[in-house]
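Breakdown of the fold
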Amino acid sequence: MQANMTDDPFESFIEVAIQTLLTLLFIGVILHLNKALYAYIQVTTAILVCANIISVFVTPVLIWLTVSEDLLSYYSLGVLFLWEFIVMAYIFRQILAITSAASLALSLLYFIATYFGAFAIGNILM
């Protein structure tokens, strides 16, 4: 989900491609460190499908936010991001067999590495 709201579709495409590559790399590194690389396809599918399903709900909220800037739209967006954060933590907890606190920390690291990393790399390239 590209929420950069840019006028340049090429820039959006590049940022989404970078984000996808960072996601694949992050999953690979985490599974390699946990010696669970055999589950790469399943984990990648779970993360990408869940992120895209939640993004289907985020898209109308982002449009609503840009049109009206209603306070409820900010709350709705926050709830959806929290939902995605919790879903990612659940996936990491189930796959890696770690505690809830560790999965929340790993989920936070995932969001920093993928979303902010793609944004930073996109700004450097463009």
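Provided above is the structure to which this section pertains.
As the structure is a computational prediction, the values presented were derived from the model and not from experiment. (Residues numbered from 1 in each chain as written. Predicted model: local features only at pLDDT ≥ 70, side-chain atom pairs only at ≥ 80, totals over all residues. Heavy atoms only, no water.)

Here's the deal with the packing of helix α1 (residues 9–33) against helix α4 (residues 100–125)
- Where α1 meets α4, the closest approach of the two axes is 9 Å, and the angle between their N-to-C directions is 145 degrees. Taken as a pair, α1 and α4 cross one another with a handedness that is right-handed. Across from E15, I18, Q19, L22, T23, F26 and I30 in α1, the residues of α4 making contact are L106, L109, Y110, A113, T114, Y115, G117, A118, F119, I121, G122 and L125.
- In terms of residue class, the contact of α1 with α4 is made up of 13 nonpolar, five polar and one charged. (Axes fitted to C-alpha atoms, helices over the stretch in contact; angles between N-to-C directions. Helix = DSSP H or I, 4+ residues; strand = E, 2+ residues; numbered from the N terminus. Left-handed = near helix turned anticlockwise from the far one by under 90°. Contact = heavy atoms within 4.5 Å. Nonpolar A, V, L, I, M, F, W, Y, C, P; charged D, E, K, R; others polar.)

Observations concerning the packing of aromatic side chains
- According to the stated counting rule, one finds seven aromatic pairs in the structure shown.
- A ring pair is formed by F85 and F111, whose centres lie 5.9 Å apart and whose planes are at 35 degrees; its orientation type is tilted. Of this pair, F85 sits in helix α3 (residues 71–96) while F111 sits in helix α4, placing them 26 residues apart in sequence.
- According to the relative accessible area criterion, F85 is partly exposed, its value standing at 21%.
- Members of the aromatic cluster, joined through ring pairs, are F26, F85, F92, Y110, F111 and Y115. (Phe/Tyr/Trp six-rings, centres within 6.5 Å; stacked < 30°, edge-to-face > 60°. Buried < 20%, exposed > 50% of the residue type's maximum accessible area, 1.4 Å probe, protein only.)

Quick notes on the packing of α1 against helix α2 (residues 40–68)
- In contact at an axis separation of 10 Å, α1 and α2 are set at 135 degrees when each is read in the N-to-C sense. Taken together, the axis directions place α1 and α2 in an arrangement best described as oblique. Regarding α1 and α2, the two cross each other, and that crossing is right-handed. Residues T23, L24, I27, G28 and L31 of α1 touch α2, and the partners they reach there are Y40, V43, T44, I47 and L48.
- Partitioned by chemical class, the residues of the contact of α1 with α2 number seven nonpolar, three polar and no charged. (Parallel < 35°, antiparallel > 145°, perpendicular 65-115°, else oblique.)

A look at a nonpolar patch on the surface
- Taken together, the side chains of V49, I53, V56, F57 and W83 make up a nonpolar region of the molecular surface, amounting to roughly 470 Å² of accessible area.
- When residues of the nonpolar patch are assigned to their parent elements, the largest contribution, four residues, is made by α2.
- Its place among the elements puts I53 in helix α2. (Patch = residues over 30% accessible without salt bridge, like charges linked within 9 Å, V, L, I, M, F, W, Y side chains within 5 Å. Areas by Shrake-Rupley, 256 points an atom, 1.4 Å probe, with all protein chains shown as cover. Salt bridge = Lys/Arg side-chain N within 4 Å of Asp/Glu carboxyl O.)

Notes on the nonpolar core
- In terms of nonpolar packing, the biggest core is built from 24 residues, with I47, M88, F92 and Y110 touching the most fellow members.
- Every element with two or more residues in this core is listed here: α1, α2, α3 and α4.
- At eight residues, the largest contribution of residues to this core is made by α2.
- Excluding residues that lie within four positions of it along the chain, I47 makes contacts with T23, I27, M88, I91, F92 and Y110. (Core = buried A, V, L, I, M, F, W, Y, C linked by side-chain atoms within 4.5 Å.)

Description of the side chain of S73
- Counting through the fold element by element, S73 comes out in helix α3.
- Setting aside residues no more than four positions away along its own chain, S73 makes contact with V61, W64 and L65.

A few points about unusual backbone geometry
- Look at K35: it is not a glycine, yet its phi comes out positive at around 55 degrees.
- Along the chain, the position of K35 falls in the loop between α1 and α2.

With respect to the environment of L96
- Within the element layout of this structure, L96 appears in helix α3.
- Under the relative-accessibility criterion, L96 is labelled buried at 11%.
- Ignoring anything within four residues of it in the chain, the contact list for L96 reads I30, L31, N34 and L106.

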